[in-house]
Amino acid sequence: MYAVAEERELQKLTDELLKLIEGKTEEDWKKLSRKEAEELAEKLRRVIRYHDYKYYVQANPVISDYQYDKLFHALEALEKAHPEIITPDSPTQRISPAFTGEFEKVKHYAEMTSLENTYSAEDLREWDRKVRELLGTNQVEYIVEPKFDGASVELVYEKDLLVRGATRGDGIYGEDITMNVKTIKSIPLRAPFSKHGIDLISIRGEVIMPKSVFQKLNEEREKQGLPPFANPRNAAAGTLRLKNPAEVAKRGLDCYVYQIFYSEPKKLCDDIKTQKEALKLLSDCGFKTPHIQKVCRNIEEVIETVLKAQEERESWDFEADGMVIKVNDICAWEKLGETLHHPRWAVAYKFPAKQAVTKLIDVVWQVGRTGALTPVAILEPVEVGGVIVSRATLFNPDFIRMKDIRIGDYVIVERAGETIPYIVGPIVERRTGNEKQIEVPTHCPVCGAPIVKELDEAVPRCPNINCPAQLKEHMIYWGKVLDIKGLGEATVNQLMRKGVVKSIADLYYLDKKELIKLPGWGVKKAENLLTQIEKSKSAPFWKKLTALGIRHVGEKTAQLLAKKFRNIQELMNAGFEELASIPGIGLITATSIKNFFKAEQNLEMIKKLEEAGFKFERTEEEEREQELPKPLAGQNIVFTGELDHFTRKEVQHIVELLGGNPTNSVTRKTSFVVVGKNPGSKYTRAQKLGIKMLNEQEFIEMLKEFVKENPEVRKILEEKGLL
Ligand code: AMP
Ligand code: ZN
């Protein structure tokens, strides 16, 4: 896309512009004449387009996000000062306002057909025989590309400007989603087709959501209580149909283009002779094209290429459901023509599905640490994408009800990426009438206690805290939180099965002689475990609170509690109101804490632990920390960019020692932002919100003020030679 000399020029221009815009505001820009403003804006647009290309198409940025943001904001301010100079292809114009109503229908320049599928080397050889026969030649060159699994789009450029983006629709008519397509940064708003003798072009590509982005999006959605997307394809297609381009822009979509549909005055076949050439042209115009586009001299080379891709595809950051094989010679396309549904000059090779059909034999209910019951499908073993699967999750009873899944059903199992296999749904057509409803158990399958279902929850629970299943999970968790080495799943299983421990407190009454009698245990192993257990007695109070496994009380909440209460007695005596009014603790957590201390068994466990010398109270160190002045108390502090003297972890620790609250995102509640080198978007956001900012040196100066009273912080600064 950019020649070496041009890149050099653009980099120089970038530096000049960065200098020029330093410290300038909209007011300064207002003083420029229209002509001056126009010229400067064009320069800024050129460099921003270049940096978009480096970042989004080549994944090889040459300036920091911070510098990029500066350029971008300068252009925004300049255009704000001179609205008449805004052009539709300005990088500032990617996001249009939200809208209501329907997407408009548009006719594609050529039909967006689907492809015939093949599933084996033999299928491919058969297809190759037909192609050679129809073309009357023995020598056919092919080109192999990934088959992107996303949402198909048509992009139209007129006089270098992106004028339309459309969904596939029924193949002939699609929906006009130009506004959303414009937000995707790897799609240029202006592309130099005219340099290649093209005035009008319609191209086809695939909008995808990278796997990494997909995973994060789903995690986010689950946190917000929204249903997750089933796969990246649905996520991409769903996002493209949102009516709020600003939201689309946030979703991290990407686009690969792989076909010229139509162009003028330059024509396919007459002027653009091969698919390889077409891809090169698209790449030269600034688009992302397939990372595999291998020209093969015969079908055997094709087969080798697709099989190799099949091996590698897990490592790609996008989903591909196969490979596409096209005849490289575009003139041959017309000769081969199309069947009713498919072109004859291309074919898809589908990767073995990561879905499979099998029979659901039974459902078992797994009991977790907090008593939650999860339905697990027991399946007739089946291969799914190269792995034998015999169990899959059914999530919760609502899911079973919604999908109407029954025992005896043939079901579709799917494995996406690294996730555990899950059931997509039943194949209703294959029912015989002998299928059985899946019943939610009325009693815990492990301990027999009657199941409860709280109103606000999708899952049924075993309420018995002495339930062996819960106890086992809790004990494993106890070992993990308190860092008791040797108390892993295998040991816990063994100790519980042999009846050596019946509760967590029993761990603190273990007898060495008894341990040694267990199969596989010697003096050494027994002593090690006992030492580790003994050591856990001196763990900090907040860790001990965490280890109790009170629902909704994780590490963070436990820390808040340990700051507020000196020991468990104080915590137990605290009223509901008092708990709920601690910043960071809500009504749900407060309720959960109160309920925990209502249960007789829990009180017994705590008593027995304390009698064994496991005290639920602040350690001396925690007390000392507590007494130190907290000059940053109540302050929310954000760090962005690299610091010269500290890692992120270190500064966060320092802030905590001083009573402050290190947070990750800039909001109106942020007290100040510490800005290091190459800061990210948090910097711009802080600027926008007008939040106070310190550089690293200023931050260190501030710390120096505090060290007189805080020996811990003094120690850290001394070690770093900053005092
Ligand atoms: P199908 O709809 O499953 O028959 O497959 C055809 C679809 O594959 C097209 O609609 C395209 O959206 C998609 N596709 C993905 N990658 C490519 C590619 N490299 N070349 C052609 N089509 C592709
Ligand atoms: Zn139970």
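The rules behind these values
- Residues numbered from 1 in each chain as written.
- Chains lettered and ligands numbered in written order.
- Predicted model: local features only at pLDDT ≥ 70, side-chain atom pairs only at ≥ 80, totals over all residues.
- Heavy atoms only, no water.
- Helix = DSSP H or I, 4+ residues; strand = E, 2+ residues; numbered from the N terminus.
- Buried < 20%, exposed > 50% of the residue type's maximum accessible area, 1.4 Å probe, protein only.
- Areas by Shrake-Rupley, 256 points an atom, 1.4 Å probe, with all protein chains shown as cover.
- Lys, Arg positive; Asp, Glu negative; His and termini not counted.
- Charge placed at Lys NZ, Arg CZ, Asp CG, Glu CD.
- Disulfide = S-S within 2.5 Å.
- Near = heavy atom within 4 Å.
- Polar contact = N/O pair within 3.5 Å; in protein donor to acceptor, adjacent residues only side chain to side chain.
- Nonpolar A, V, L, I, M, F, W, Y, C, P; charged D, E, K, R; others polar.
- Phe/Tyr/Trp six-rings, centres within 6.5 Å; stacked < 30°, edge-to-face > 60°.
- Lys NZ or Arg CZ within 6 Å of the ring centre and 35° of its normal.
- Donors = N, O, S within 2.8 Å, 3.2 Å for Na, K, Ca; no water.
- Tetrahedral: all angles 85-135°; square planar, octahedral: opposite > 155°, others 65-115°.
- Salt bridge = Lys/Arg side-chain N within 4 Å of Asp/Glu carboxyl O.
- 1 Å grid on protein atoms, 1.4 Å probe; cavity = no way out; pocket = protein on both sides within 12 Å on 5 of 7 lines; lining within 4 Å.
- Points joined across faces, edges and corners; volume = space filled by probe spheres on them.
- Core = buried A, V, L, I, M, F, W, Y, C linked by side-chain atoms within 4.5 Å.
- Contact = heavy atoms within 4.5 Å.
- Arc of directions from axis to C-beta.

Trainee: Which residues make up the overall build of the chain, and what values do they have?
Mentor: Helix and strand counts for the chain stand at 28 helices and 22 strands. A principal-axis box enclosing the C-alpha atoms of the chain has dimensions of 90 × 75 × 50 Å. Going through the 723 residues of the chain one by one, you find that 48% of them count as buried. Counting every atom, the chain has about 36,600 Å² of accessible surface; 51% of that belongs to carbon and sulfur. The positive charge centre, built from 109 side chains, and the negative charge centre, built from 111, are 2 Å apart in the chain.

Trainee: So what's going on with the state of the cysteines? Residues and values would help.
Mentor: Under the criterion given, the structure shown has one disulfide. Covalent S-S linkage joins Cys-269 and Cys-331, the inter-sulfur distance amounting to 2.1 Å. Its S-S torsion of about 100° marks the bond between Cys-269 and Cys-331 as right-handed, since a negative value means left-handed. One end of the pair, Cys-269, is in the loop between β8 (254–265) and α10 (275–284); the other, Cys-331, is in helix α12 (residues 330–336), and 62 residues separate them in sequence. We classify Cys-331 as partly exposed; its relative accessible area is 23%.

Trainee: So, the site of ligand 1: which residues are in play, and what are the values?
Mentor: Around ligand 1 sit 14 residues, and of these Glu-145, Arg-168, Arg-204, Glu-206 and Lys-326 come closest. Arg-168 is positioned such that a nitrogen or oxygen atom in its side chain is 2.8 Å from an oxygen atom of ligand 1. Side-chain polar atom of Lys-326 to a nitrogen atom of ligand 1: 2.9 Å apart, as the coordinates give it. Relative to its free-state accessible area of 500 Å², ligand 1 is covered by the protein chains to the extent of 87%. Mapped by element, the contributors of at least two residues to the shell around ligand 1 are β3 (142–148), β7 (198–208) and β10 (320–327). Residue contributions to the shell around ligand 1 peak at four residues, all from β3. In terms of residue class, the shell around ligand 1 is made up of five nonpolar, three polar and six charged.

Trainee: So what about the packing of aromatic side chains? Which residues, and what values?
Mentor: Summed over all chains, the structure comprises 25 aromatic pairs. When the centroid spacing of 4.6 Å and the interplanar angle of 15° are considered together, the rings of Phe-148 and Tyr-256 count as stacked. A residue pair is termed long-range when its members are at least 10 positions apart, and Phe-148 in strand β3 and Tyr-256 in strand β8 qualify at 108 residues. Each of the two residues, Phe-148 as well as Tyr-256, counts as buried. Taken together, a centroid distance of 5.9 Å and an interplanar angle of 35° make the contact between Phe-193 and Phe-287 tilted. Here the residue Phe-193 occupies a position in the loop between α6 (178–181) and β7, and Phe-287 occupies one in the loop between α10 and β9 (294–296), the gap between them amounting to 94 residues. Accessibility expressed as a relative area gives 1% for Phe-193, which makes it buried. A relative accessible area of 3% places Phe-287 in the buried class. Members of the aromatic cluster, each reached through a chain of ring pairs, are Phe-148, Tyr-256, Tyr-258, Trp-316 and Phe-318. Above the face of the Trp-521 ring, Lys-525 is positioned so that its terminal group lies 4.5 Å from the ring centre. When the ring centre of Tyr-509 is taken as reference, the NZ or CZ atom of Lys-608 above it lies at 5.4 Å.

Trainee: So what's going on with the coordination of the zinc ion (ligand 2)? Residues and values would help.
Mentor: Around the zinc ion (ligand 2), the protein supplies Cys-444 (SG), Cys-447 (SG), Cys-462 (SG) and Cys-467 (SG) as donor atoms, at distances of 2.2 to 2.4 Å. Its four donor atoms give the zinc ion (ligand 2) angles of 99 to 115° at the centre, a pattern that matches the tetrahedral case. Donor residues for the zinc ion (ligand 2), ordered by position in the chain, follow C-x2-C-x14-C-x4-C. In this pair, Cys-447 sits in the loop between β18 (436–437) and α14 (468–481) while Cys-467 sits in the loop between β18 and α14, placing the two residues 20 residues apart along the sequence. When its relative accessible area of 28% is taken as the criterion, Cys-447 is described as partly exposed.

Trainee: Before we move on, can you summarise the pattern of salt bridges with the specific residues and values?
Mentor: Considering all chains together, one arrives at 46 salt bridges under this definition. The closest approach of N and O atoms between Asp-28 and Lys-31, which form a salt bridge, is 3.6 Å. Residue class for Asp-28 comes out partly exposed when judged on its relative accessible area of 24%. For Lys-31, a relative accessible area of 66% puts it in the exposed group. Here Arg-34 ties to Glu-38 by a salt bridge, and the two come within 3.2 Å at their closest N and O atoms. On the criterion of helical spacing, the pair formed by Arg-34 and Glu-38 is a turn pair, its members being four residues apart in helix α3 (residues 34–57). Residue class for Arg-34 comes out partly exposed when judged on its relative accessible area of 43%. Sharing partners across several salt bridges, the network here consists of Glu-122, Arg-125, Glu-126, Arg-129 and Glu-300.

Trainee: Describe empty space enclosed by the protein, naming the residues involved and giving the relevant values.
Mentor: Under the defined criterion, the tally for this structure stands at one cavity of 30 Å³ or more. Lys-211, Arg-313, Glu-314, Phe-318, Glu-319, Ala-320 and Lys-354 together form the lining of the largest cavity. Here the residues of the lining of the largest cavity are counted per class, giving two nonpolar, no polar and five charged.

Trainee: Tell me about the nonpolar core, and please be specific about residues and values.
Mentor: Where a protein is soluble and globular, its nonpolar side chains tend to be buried together. With 68 residues, the main nonpolar core has Leu-155, Tyr-157, Phe-193 and Ile-325 as its most contacted residues. Those residues within four positions of Phe-193 in sequence are excluded, and the remaining contacts are Tyr-157, Asp-160, Ile-198, Ile-201, Leu-281, Leu-282, Cys-285 and Phe-287. Judged by nonpolar contacts, the second largest core, of 53 residues, contains Val-492, Ala-505, Trp-542 and Phe-596.

Trainee: Quick one: what's the story with helix α15 (residues 489–497), residue by residue and with numbers?
Mentor: Of all the positions in α15, only Thr-491, Val-492, Gln-494 and Leu-495 are classed as buried. Projected down its long axis, α15 shows its buried positions confined to an angular sector of 165°, all on one face. Among the exposed residues of α15, those pointing more than 90 degrees away from its buried face are Ala-490 and Arg-497. Residues of α15 that are buried sit in contact with α14, α16 (512–517) and α17 (523–535). The positive-phi residue at the C-terminal boundary of α15 is Gly-499, with phi of around 70°.

Trainee: Residue-level account of the layout of surface pockets, with values.
Mentor: Estimated volume of the largest pocket: approximately 1,800 Å³. At the level of secondary structure, the elements contributing two or more residues to the lining of the largest pocket comprise α3, α4 (65–81), α9 (245–250), β8 and α26 (681–689). Among the elements that take part in the lining of the largest pocket, α4 stands out by supplying six residues, more than any other. The residue makeup of the lining of the largest pocket, split by class, is 20 nonpolar, nine polar and 13 charged.

These figures capture arrangement, not role.
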